[in-house]
Amino acid sequence: MGVVITTAQGQSFEEVYSYGMDEYIEKCTNLPVVRKINGGTVFRVTYEGEDWTNDMKGAFEYACKIWEEQLPSALPLNITVKIGTIRGGGGQKLLSKVTSTRYDDFNPFISASSLSSQIKGIILAEYNRGHNVQYVDSIKENDFFDVADISITYNKAMLNEFSYSLYATPQDKYDFVTLALRDIARGLGIASNITADVTNKKIIFPQYTATYEGIVLGAIRGGNTSQAYVNATKGSVPININSYGTLSLYAPSPFQNGVSLNSFIPDPNKNITQLLTYEFGRGTVVRDITDNYKSLFKHGLGWEVMIATGGSHSDVNGVTTGNTGEVIPYGGTITGDTPIFLTETNSRNEHHSCNIKTYDTSDFNIEEYCKPYDCNYRPNAPIDTEGWTVALLKKNGTWDIVYDLPTIPSYLDVSMSDFQYHYDMNEYARTADGFLRCRVVYNQNYPDYVYGGTYRDMKTRYYVLDYLPQRTEMKFSGVMPTTSTRALTNEYMRDIKIGIKNLEGTERIVVEQLDEGERVPSKFEINDFKKGYFVATVDKEFYSEFTIVAYNKNGSTRSETVEIAPLEPASQNFEIQVFNNEIKIKNTRKRNLSKTLLASYEILTLNGYATRSLLKGNIENNEPTINISSLKAGTYVLNYFDTRNIKHSVKFQKQ
C-alpha cells in the first residue's frame, strides 16, 4: 500500500505511508552547533487522542524545532498528530501515515496541485513584496489558515518499538525524532503519489501532481506506462532540481508501492537524502538536516513567487539569515552603528512591480491577515513607521515587539535588560538549543519618484538569544515495573514514570518530591533527563507532588507543580473519638503515625435553620485533641481538613 488521495470541498488529502526496515541499521548524525536560522516559520501542533505522553510530545516538538530553523519564511503551518491503527502492506514495518492538504487547480497561473504549506509560503513572500498575485482570489475566508496542513498518524501497534529520547544515541528501537523529521519532510511535499500495477508492470500516473511529484514523474516518464515502469525500477532514478543539484531516488525492482520513489539513496553532501534514506531501521538516528532549502523549496516544492508587470512600486526588505553561532549572551547587547550591519551584500530584494489584484469575491483581506507577520509590524502604529524594532518570535508564529525606537537615522544599542516582554516566557518560541528567536528590523521610507507616494526600505536580521531554561512540563505516564530498592522491599511503594518536555537548553534538572503528610520535599537529580522522562518512587496510598527546577548557565526556572493521586488509596485513615470535654482524631493505621495528614478543623452548631462556626483552629500534630469544654450540650458537626484542603465531616453530640 502506498498513497491514497481523497477529495472534499475542493481540498484533496494525500496519504503517504512511512515504513522502516525490520533490522538494526546503526547511523548517527547529531545536530551541528552552528546552524542557519532562516526566518520565523513555526509549526502549530495539535495532539489528538489520550495516548500521548510528554516524552512522546517532547520528541515530536524537538523535531519541529529542528525543521523550523531550516524552513523558508511562511505563515504558521498547522500539524495535527494522532495515534491510531494503521493497516498496510509492503513487507516492512509500517510506522506512520502522513497526510498533506492540497488544492487542485487552485492557482490560476499553474495547472498543478498546490500544497497548503506551499500556498502559505508564497502568500507571505508575495505580501512582503507588496503584491498578492497567485492565490488572492482563491482564498475566501481565514478558515483556510486554520486547517491542518500536515496530519500524521503514528501506528499504535508500534509505540513500544520507538525511542523517544532527545539524545542522538542509537538504540535497538526506531528513533522517534528521526521518524518525525522524516514525516514532516514528506508532509511538506517531499513525497510521491506515483504507484504501480506490479502484476502488469505499469506505472499508474496520478491525475494531479504537486511540484515535486511533477519532477519525479518527469524523470521516469517514457512513451507509455510500461516504459515508465522500467525506468522506475532501475535501482535508482536521478532527479535534478534547479539551483540545488541531483538527487537519486530509491527505485527497487519490482516496484514497491509506498517505498519506491519515496526515499533517497544517501548522498553525503545532501543531508535531506540522509534523512529520507531508504535505509531507515532501528538504530538510525539523524539530527543534522541542514541543507540548501532555499533552492530545494523554491524549485523542488514550488515555493516560488510569480512576478507580474505593471502597477506600483514594491517595498524592499533586505533579509539576512542568522545562525546559532551568533548567540547574544543572556543579558547581552545588540549593537549596530548603521543599518548596514543588518544585511549582507546583495541581500536586498529587487524592486518588482505588478498588477494589484482586487478583492471582488470576498470580504476577506489577505493583506490584513498577513499584517501581524510583517517585519515592520507594531500593534499600535502604522505599518510604515520608521526606526528600529527588536522582536521575539512566539509559538503561534507572531512576534512580540520588545524594543521600539521610532527614530531615523539612529544608532542601535539595546540590552536585553531593556526589553519589555508582553507575554509569559513559556509563550515564546525556542530553537533546538533552547535559544529565543530574535528579529531586528530597521525601516526608512523613501519617495517613489516613479509611481508616486513612498515605499518602505527595510533591513532585517535574525538572531538567537541565550536565556533562562524553559519551564519543564510534566505528565504522569503510568506505573513502571519495579526498579528501585524501596519498591522491592516495601509493599506500599510503587515506581511511576513521569514524562517531561521543553528540555531544549536545559543542562541540569532537579526534582522536588513532596509526599502527603511530609513537611519538607525530598530532592533528587535526573542525569539522563533528555530521555524524556524520569522514574520516581511513591507510596501507593498517598498523594505526591512533583516540581522540577531546570538549570543552565544563566540560572534556573521552576515548573508548575504536578500532583499524583494515590494509586491504591486506603479506604479510611481517621477515627473520631468524642469524650465529654474533648475530641480525639486518631490515625487508624500505624503506618500513618509519622505523617502530618491534617491541617485544620471547625465545629459548627446545628439548629435546623442555620449553621455557624463555634470553634476552629489549626492542627499541628499527627493525632490532635480538640477541647470542646466550652460547648453546651447539643448536636454539632466537626469538619476537619487534610493537607490537601479536602473536607471530612462527622456529626457528634455533646452530653
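Small disclaimer: the values here were computed from a predicted structure and weren't measured. (Residues numbered from 1 in each chain as written. Predicted model: local features only at pLDDT ≥ 70, side-chain atom pairs only at ≥ 80, totals over all residues. Heavy atoms only, no water.)

Here we have three strands laid out as an open sheet, ordered β27-β28-β31, and antiparallel in their pairing. Edge strands, defined here as strands with exactly one partner in the open sheet, are β27 (473–479) and β31 (533–539). For this sheet the average axis-to-axis angle between neighbouring strands, irrespective of direction, equals 35°. In terms of strand pairing, β27 meets strand β28 (residues 493–501) through six bridges, oriented antiparallel. By the bridge assignment for β28, Val 479 is matched with Ile 496. On top of the sheet, helix α1 (residues 54–70) reaches β27, β28 and β31; it is set at about 20° to β28, its chief contact. (Pairing = 2+ DSSP bridges. Helix = DSSP H or I, 4+ residues; strand = E, 2+ residues; numbered from the N terminus. Axes fitted to C-alpha atoms, helices over the stretch in contact; angles between N-to-C directions. Contact = heavy atoms within 4.5 Å.)

Listed in full, the buried residues belonging to helix α7 (residues 293–300) are Tyr 293, Ser 295, Leu 296, Phe 297 and Gly 300. Buried positions along α7 lie against α1, α4 (211–220), β13 (235–241) and α6 (271–275). Downstream of α7 by one or two residues, Gly 302 has phi in the positive range, about 80°. (Buried < 20%, exposed > 50% of the residue type's maximum accessible area, 1.4 Å probe, protein only.)

Here we come to the pairing of strand β41 (residues 647–654). Inspection of the sheet shows strand β40 (residues 634–642) paired to β41 by eight bridges, in the antiparallel sense. Of the residues in β41, the one forming a bridge with Tyr 640 is His 648. Two successive antiparallel strands, β40 and β41, enclose a turn made up of four residues, where Asn 645 displays a positive phi of approximately 65°.

Judged by pairing direction, the sheet is antiparallel, and its three strands sit side by side in the order β35-β36-β39 without closing on themselves. Both edges of this open sheet fall to β35 (574–578) and β39 (625–627), since each of them pairs with a single strand only. Taking the axes of each pair of neighbouring strands and ignoring which way they run, one obtains an average angle of 15° across the sheet. The pairing of β35 with strand β36 (residues 582–587) spans five bridges and is antiparallel. For Phe 574, the partnering residue across the bridge sits in β36 and is Asn 587.

With that out of the way, let us pick up the packing of α1 against helix α3 (residues 176–187). At a minimum axis separation of 9 Å, α1 and α3 run at an interaxial angle of 50°. The angle between the axes of α1 and α3 places the two elements in the oblique class. Crossing geometry of α1 relative to α3 is assigned as right-handed. On α3, the residues that touch Met 56, Ala 59, Phe 60, Tyr 62, Ala 63, Cys 64, Ile 66 and Trp 67 of α1 are Phe 176, Val 177, Ala 180, Leu 181, Ile 184 and Ala 185. Across the contact of α1 with α3, the residue classes break down as 14 nonpolar, no polar and no charged. (Parallel < 35°, antiparallel > 145°, perpendicular 65-115°, else oblique. Left-handed = near helix turned anticlockwise from the far one by under 90°. Nonpolar A, V, L, I, M, F, W, Y, C, P; charged D, E, K, R; others polar.)

A separate point is the pattern of salt bridges. Inspection of every chain in the model, using the stated rule, returns 28 salt bridges. With a closest N to O distance of 3.5 Å, Asp 51 and Lys 156 form a salt bridge. Note that Asp 51 is positioned in the loop between β4 (43–47) and α1 and Lys 156 in the loop between β8 (150–155) and β9 (162–163), a separation of 105 residues in sequence. A salt bridge links Glu 563 to Arg 644; the nearest nitrogen and oxygen atoms lie 2.9 Å apart. Note that Glu 563 is positioned in strand β34 (residues 562–564) and Arg 644 in the loop between β40 and β41, a separation of 81 residues in sequence. The exposure class of Arg 644 is partly exposed, given its relative accessible area of 24%. (Salt bridge = Lys/Arg side-chain N within 4 Å of Asp/Glu carboxyl O.)

Turning our eyes to something else, we now look at the pairing of β28. Among the nine residues that make up β28, seven are buried, leaving the element largely enclosed by the rest of the structure. As judged from the seven bridges shared by β28 and β31, these two strands associate in the antiparallel manner. Bridge pairing in β31 places Met 493 opposite Asp 539.

It is worth spelling out unusual backbone geometry at this point. Residue Ser 253 is joined to Pro 254 through a cis peptide bond whose omega torsion reads 0°. Here the phi dihedral of Ser 243 falls at roughly 70°; this positive angle occurs in a residue that is not glycine. Along the chain, Ser 243 turns up in the loop between β13 and β14 (245–251). Since its relative accessible area comes to 51%, Ser 243 is described here as exposed. Residue Leu 261 is not a glycine yet carries a positive backbone phi of 65°. On the secondary structure map, Leu 261 appears in the loop between β14 and α6. For Leu 261, a relative accessible area of 0% translates into the label buried.

To continue, consider the environment of Ala 148. Locating Ala 148 in the fold gives a position in the loop between α2 (116–129) and β8. For the pair formed by Ala 148 and Ser 117, sequence separation is 31 residues and the distance between their alpha carbons is 9.4 Å. Excluding residues that lie within four positions of it along the chain, Ala 148 makes contacts with Asn 78, Thr 80 and Thr 101.

Another aspect to go through is the packing of aromatic side chains. According to the stated counting rule, one finds 29 aromatic pairs in the structure shown. On the basis of an interplanar angle of 55° and a centroid distance of 4.8 Å, the ring pair of Tyr 154 and Phe 176 is categorised as tilted. Taken together, the residues span a long stretch of sequence, with Tyr 154 in strand β8 and Phe 176 in helix α3 at a distance of 22 residues. Grouping residues by exposure puts Tyr 154 and Phe 176 together as buried. (Phe/Tyr/Trp six-rings, centres within 6.5 Å; stacked < 30°, edge-to-face > 60°.)

To continue, consider the environment of Leu 301. Topologically, Leu 301 is positioned in the loop between α7 and β16 (312–313). Between the C-alpha atoms of Leu 301 and Gly 189, which are 112 residues apart in sequence, the distance is 6.5 Å. When neighbours within four sequence positions are excluded, Leu 301 is seen to be in contact with Gln 118, Leu 188, Gly 189, Ile 190, Thr 211, Tyr 212 and Leu 296.

Mapped onto the elements, Asp 539 comes out in strand β31. Within the local environment of Asp 539, its side chain forms a polar contact with the backbone nitrogen of Glu 541, the two atoms lying 3.0 Å apart. (Polar contact = N/O pair within 3.5 Å; in protein donor to acceptor, adjacent residues only side chain to side chain.)

What follows covers the nonpolar core. Soluble, globular proteins show a tendency: their nonpolar side chains are buried together. Phe 60, Trp 67, Ile 184, Leu 261, Ile 272, Phe 534 and Phe 546 are the most contacted members of the largest nonpolar core, which has 87 residues in total. At eight residues, α1 tops the list of elements feeding residues into this core. Core analysis: the next-biggest nonpolar cluster, separate from the first, contains 19 residues, Leu 392, Val 402, Met 416 and Tyr 467 among them. (Core = buried A, V, L, I, M, F, W, Y, C linked by side-chain atoms within 4.5 Å.)

For the rest of this paragraph, the subject is α2. Compared with the 20 Å implied by 1.5 Å per residue over 14 residues, the 20 Å span of α2 between its first and last C-alpha is a close match. Along α2, 11 of the 14 residues are buried, which leaves the element largely enclosed by surrounding structure. For α2, every residue scored as buried is listed here: Ser 116, Ser 117, Gln 118, Ile 119, Lys 120, Gly 121, Ile 122, Ile 123, Leu 124, Glu 126 and Tyr 127. Against β5 (77–84), β6 (93–103), β7 (114–115), α3, α4 and α8 (366–370) lie the buried residues of α2. Positive backbone phi, at 95°, marks Gly 130, one or two positions downstream of α2. (Expected span 1.5 Å × (residues − 1).)

Moving on, we come to the confidence of the model for the protein chain. Here the protein chain shows a mean pLDDT of 86. Residues at 70 or above account for 87%. Summarising per-element confidence for the protein chain, the mean pLDDT is lowest in strand β21 (residues 353–354) (28) and highest in α3 (98). Considering only residues more than four positions removed or in separate chains, one finds that residues 309–313, a stretch of pLDDT under 50, has 21 contacts. (pLDDT = per-residue confidence, 0-100.)

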